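Read off the chains here:
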Amino acid sequence: MLSFEQARQLIITETKSHQAASPTSLRPLADALGYVLAQEIRADRDYPPFHRSTRDGYAVRAREAVENSTLRCFGEIKAGDTVLTPLEPGTCVQIMTGAAVPPGADAVVMIEFTRRSGDAVTFDRDTQATQNIVAQGCEARTGDLALAPGLRLGFAELAIAAQVGAASLLCYEKPRVAILSTGDEIVPIPETPGPFHIRNSNGVSLAAQVRLAAGHPVPLGHALDRVEDLSAKIELGLQHDILVLSGGVSMGKYDLVESVLKSFGAEFFFDAVAIRPGKPTVFGRCRDKLVFGLPGNPVSTMVTFQLFVTAAIDLLSGAAPRPLPLLNATLSESLHEKPGLAHFLPARLEWSSASAKVHALPWQGSGDIAALRHANCFLVVPADRHDIPAGENVSVLPRLDVL
Ligand code: AMP
Ligand code: MG
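Treat the numbers as computed from the prediction; the structure is a model and nothing was measured.

Details of the overall build of the chain
Part 1: Scanning the chain from N- to C-terminus turns up six helices and 28 strands.
Part 2: Radius of gyration (C-alpha) of the chain: 30 Å, far over the 22 Å computed for a compact globule of 403 residues.
Part 3: Counting only residues that meet the buried cut, the chain has 47% of its 403 residues in that class.
Part 4: Residue pairs at least 24 apart in sequence account for 71% of intrachain contacts in the chain once pairs closer than 6 positions are excluded.
Part 5: Of the roughly 19,400 Å² that the chain leaves accessible, carbon and sulfur atoms contribute 54%.
Part 6: The chain carries 36 positive and 43 negative side-chain charges, and their two centres are separated by 1 Å.

As for the packing of aromatic side chains
Part 1: Applying the stated rule across the entire model yields five aromatic pairs.
Part 2: Ring centres 5.2 Å apart and planes at 80° place the aromatic pair Phe4 and Phe344 in the edge-to-face group. With Phe4 in helix H1 (residues 4-17) and Phe344 in strand E24 (residues 342-351), this residue pair connects regions lying 340 residues apart in the sequence. The same class applies to Phe4 and to Phe344, which are both buried.
Part 3: What links up through ring pairs into an aromatic cluster is the set Phe269, Phe270, Phe283, Phe292 and Phe308.

Thoughts on the pairing of strand E12 (residues 168-172)
Looking down a regular strand, the side chains alternate between one sheet face and the other.
Part 1: Only one face of E12 is buried: it carries Leu169 and Cys171, and the other face, with Ser168, Leu170 and Tyr172, is open.
Part 2: With five bridges connecting them, strand E1 (residues 24-28) and E12 associate as antiparallel partners. Each residue of the ladder has a partner; that of Leu26, found in E12, is Leu170.

A few points about the pattern of salt bridges
Part 1: Counted by the stated rule, this structure contains 14 salt bridges.
Part 2: Between Arg52 and Glu139 there is a salt bridge, with the nearest N and O atoms lying 2.7 Å from each other. One end of the pair, Arg52, is in strand E3 (residues 52-53); the other, Glu139, is in the loop between strand E10 (133-134) and strand E11 (145-147), with 87 residues separating them in the sequence.
Part 3: For Arg287, the salt bridge identified is with Glu235, shortest N-O distance 2.8 Å. One end of the pair, Arg287, is in the loop between strand E20 (282-286) and strand E21 (289-294); the other, Glu235, is in helix H4 (residues 227-237), with 52 residues separating them in the sequence.
Part 4: The class for Arg287 is partly exposed, based on a relative accessible area of 47%.
Part 5: Salt bridges sharing common partners tie together Arg152, Asp314 and Arg322.

Brief notes about the packing of helix H3 (residues 201-212) against helix H6 (residues 298-316)
Part 1: Here H3 crosses H6 at 30°, and the two axes come no closer than 10 Å. Between H3 and H6, the crossing angle belongs to the class labelled roughly parallel. Crossing handedness for the pair H3 and H6: right-handed. Here Ser201, Asn202, Ser205, Leu206, Gln209 and Val210 of H3 come into contact with H6, specifically with Pro298, Thr301, Met302, Phe305, Gln306 and Ile313.
Part 2: Class assignment of the residues belonging to the contact of H3 with H6 gives a composition of six nonpolar, six polar and no charged.

Notes on the nonpolar core
Part 1: Residues Phe4, Ile242, Phe292, Leu307, Phe308 and Phe344 are the most contacted members of the largest nonpolar core, which totals 41 residues.
Part 2: Ranked by the residues each element gives to this core, the list is headed by H6, at twelve residues.
Part 3: In contact with Phe308, not counting residues within four places along its chain, are Phe4, Ala7, Arg8, Ile11, Val273, Ile275, Thr281 and Phe292.
Part 4: Core analysis: the second largest hydrophobic core is formed by 18 residues, Leu261, Phe264, Val282 and Val291 among them.

The rules behind these values
- Residues numbered from 1 in each chain as written.
- Chains lettered and ligands numbered in written order.
- Predicted model: local features only at pLDDT ≥ 70, side-chain atom pairs only at ≥ 80, totals over all residues.
- Heavy atoms only, no water.
- Helix = DSSP H or I, 4+ residues; strand = E, 2+ residues; numbered from the N terminus.
- Rg over C-alpha atoms; globule rule 2.2 N^0.38 Å.
- Buried < 20%, exposed > 50% of the residue type's maximum accessible area, 1.4 Å probe, protein only.
- Contact = heavy atoms within 4.5 Å.
- Areas by Shrake-Rupley, 256 points an atom, 1.4 Å probe, with all protein chains shown as cover.
- Lys, Arg positive; Asp, Glu negative; His and termini not counted.
- Charge placed at Lys NZ, Arg CZ, Asp CG, Glu CD.
- Phe/Tyr/Trp six-rings, centres within 6.5 Å; stacked < 30°, edge-to-face > 60°.
- Pairing = 2+ DSSP bridges.
- Salt bridge = Lys/Arg side-chain N within 4 Å of Asp/Glu carboxyl O.
- Axes fitted to C-alpha atoms, helices over the stretch in contact; angles between N-to-C directions.
- Parallel < 35°, antiparallel > 145°, perpendicular 65-115°, else oblique.
- Left-handed = near helix turned anticlockwise from the far one by under 90°.
- Nonpolar A, V, L, I, M, F, W, Y, C, P; charged D, E, K, R; others polar.
- Core = buried A, V, L, I, M, F, W, Y, C linked by side-chain atoms within 4.5 Å.

Here is the structure:
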């Protein structure tokens, strides 16, 4: 059986091997957060475009502004002012943060290190040339690459695009991820379940996870555990880039997902991973679309989505797959788990100034959604460890939606 790392790597390899170029569209900056850039963005001019003062103070010739010297102040320059007149020898000019340093000046002295009486400015200490000035073009030169294709657009990347005047950006479309829950016991959220029925919580958590992974969720409701209903809805799901099913992949008599997919000609790359929860996870390709069959127990569905489906969404988004965001923390309470499978336990990560500590939360197993209320991560217990004493370093998979 594959480890979760091997299974994830297989998903990356298989997704890459058949990948067609993702479609692109032009998006206004305000609507581009989380998309992946499909073009080069270059600096339209030098940055900064002029020698910029980084402080409020006085623009000077450094060799003139020595300790206890006095220079006559000649006017002021504020941000946005046109600055063409050179600084006369023996003078200084008051300057504000973000303003252009005048020709002839080679340093800015912070106002805190000066005394002023009328036009006379006296300096408390010696001045070094270049201090408090960012030279023209030292952040970027005209034509330099500001943003490369394949980059995911976060707030900083959007600011960079804005700075160079790229008001809209060519982005890859988000992959469309069809979500199909399965099970005769499932009812839609607004319905009152019968005494032995349950609501379709996986449909909701999966759509949220798709959105967080920067995919576009396409909810397809649920299918009954019958070949005809499953076939009809899988047919719909295969019109999208990725089909994610929940439930129906275990060994039960009514777990029909794999056999129905097979009847559609699916090729499977794995149908088990050495993890708990989530062991019967299925990954394959069907009519050139990626298909994931995730076990239906809600915590299994969430864990397996985060471990596996995210890699495929990243690749179909036009980006390199982000590594699993595993963190290290100190275990605060000892653990005793069955060996053989890697365990992902609902857990709580707490920080103090110097350390991160994690403890597993009480739970009743992978059907226990309520146990996740206080969970901000999953604690990873490696397959070959069953007793881990308090104080040991462990890995955690953070829930990036709440951390
Ligand atoms: P399965 O993987 O189909 O054997 O389902 C395992 C467990 O998960 C069963 O107890 C199901 O009732 C539950 N389950 C399956 N699908 C869903 C769903 N969409 N929402 C909530 N629970 C589910
Ligand atoms: Mg089922």
